[in-house]
Amino acid sequence: GGNDNVAWFRSQAFDAADHWLVVPRQHVQNINDPKLDDELLQQMVVAGKELGEVLCFHRPPFNSIDHLHLHAFRGPFKCLKDFKHRPAQWKCWTVAP
């Protein structure tokens, strides 16, 4: 699915019952890229909230690819994937939008 600025698709990792990725159509490297403005972030979050209940970005250098993607999860996580993906202030590798 998608619109003019963002697209979403199921993750091949299947870390939860529903695991989606929301990505900008324009290349944005990661959450530190200045091309990630408030409008694009808001569009990603709106799409993510329609797809899942838990949302997260991974911070560099913990991101797996160099194209920004928002994880959206719904349903039970697979073993230890909740620990990996659910944002918490003390986690250096993940951040809530």
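A few points on the structure. Being a predicted model, the structure only gives us computed values, none of them experimental.

Looking only at helices and strands, the protein chain features 2 helices and 5 strands. In sequence order, the secondary structure elements of the protein chain are arranged as β-β-α-β-β-α-β. Rg of the C-alpha trace for the protein chain: 12 Å, near the compact-globule value of 13 Å for 97 residues, within the 12% margin. When its C-alpha atoms are laid out on the principal axes, the protein chain stretches across 35 × 30 × 20 Å. The burial tally for the protein chain puts 42% of its 97 residues in the buried class. Counted over contacts in the protein chain with a minimum sequence separation of 6, partners at least 24 positions apart contribute 55%. As displayed, the protein chain offers around 5,700 Å² of accessible surface, 54% of which is attributable to carbon and sulfur atoms. In the protein chain, 11 side chains carry a positive charge and 11 a negative one; their mean positions are 8 Å apart.

Further remarks concern the layout of surface pockets. The computed volume of the largest pocket comes to approximately 200 Å³. Sorting the residues of the lining of the largest pocket by element identifies β2 (16-24) and α2 (81-85) as the ones contributing at least two each. If one sorts the elements of the lining of the largest pocket by residue count, β2 sits on top with 3 residues. Residue composition of the lining of the largest pocket, by class: 7 nonpolar, 9 polar and 2 charged.

Attention now goes to the side chain of Thr94. Relative to the helices and strands, Thr94 resides in strand β5 (residues 94-95). If we ignore the near neighbours within four places in the chain, the residues touching Thr94 are Cys56, Phe57, His58, Arg59, Lys84, His85, Arg86 and Pro87.

Read from one edge of the open sheet, 5 strands run β1-β2-β4-β3-β5, paired in antiparallel fashion. Whereas interior strands pair on both sides, the edge strands pair on one side only; in this sheet they are β1 (6-10) and β5.

Rules and cut-offs
- Residues numbered from 1 in each chain as written.
- Predicted model: local features only at pLDDT ≥ 70, side-chain atom pairs only at ≥ 80, totals over all residues.
- Heavy atoms only, no water.
- Helix = DSSP H or I, 4+ residues; strand = E, 2+ residues; numbered from the N terminus.
- Rg over C-alpha atoms; globule rule 2.2 N^0.38 Å.
- Buried < 20%, exposed > 50% of the residue type's maximum accessible area, 1.4 Å probe, protein only.
- Contact = heavy atoms within 4.5 Å.
- Areas by Shrake-Rupley, 256 points an atom, 1.4 Å probe, with all protein chains shown as cover.
- Lys, Arg positive; Asp, Glu negative; His and termini not counted.
- Charge placed at Lys NZ, Arg CZ, Asp CG, Glu CD.
- 1 Å grid on protein atoms, 1.4 Å probe; cavity = no way out; pocket = protein on both sides within 12 Å on 5 of 7 lines; lining within 4 Å.
- Points joined across faces, edges and corners; volume = space filled by probe spheres on them.
- Nonpolar A, V, L, I, M, F, W, Y, C, P; charged D, E, K, R; others polar.
- Pairing = 2+ DSSP bridges.

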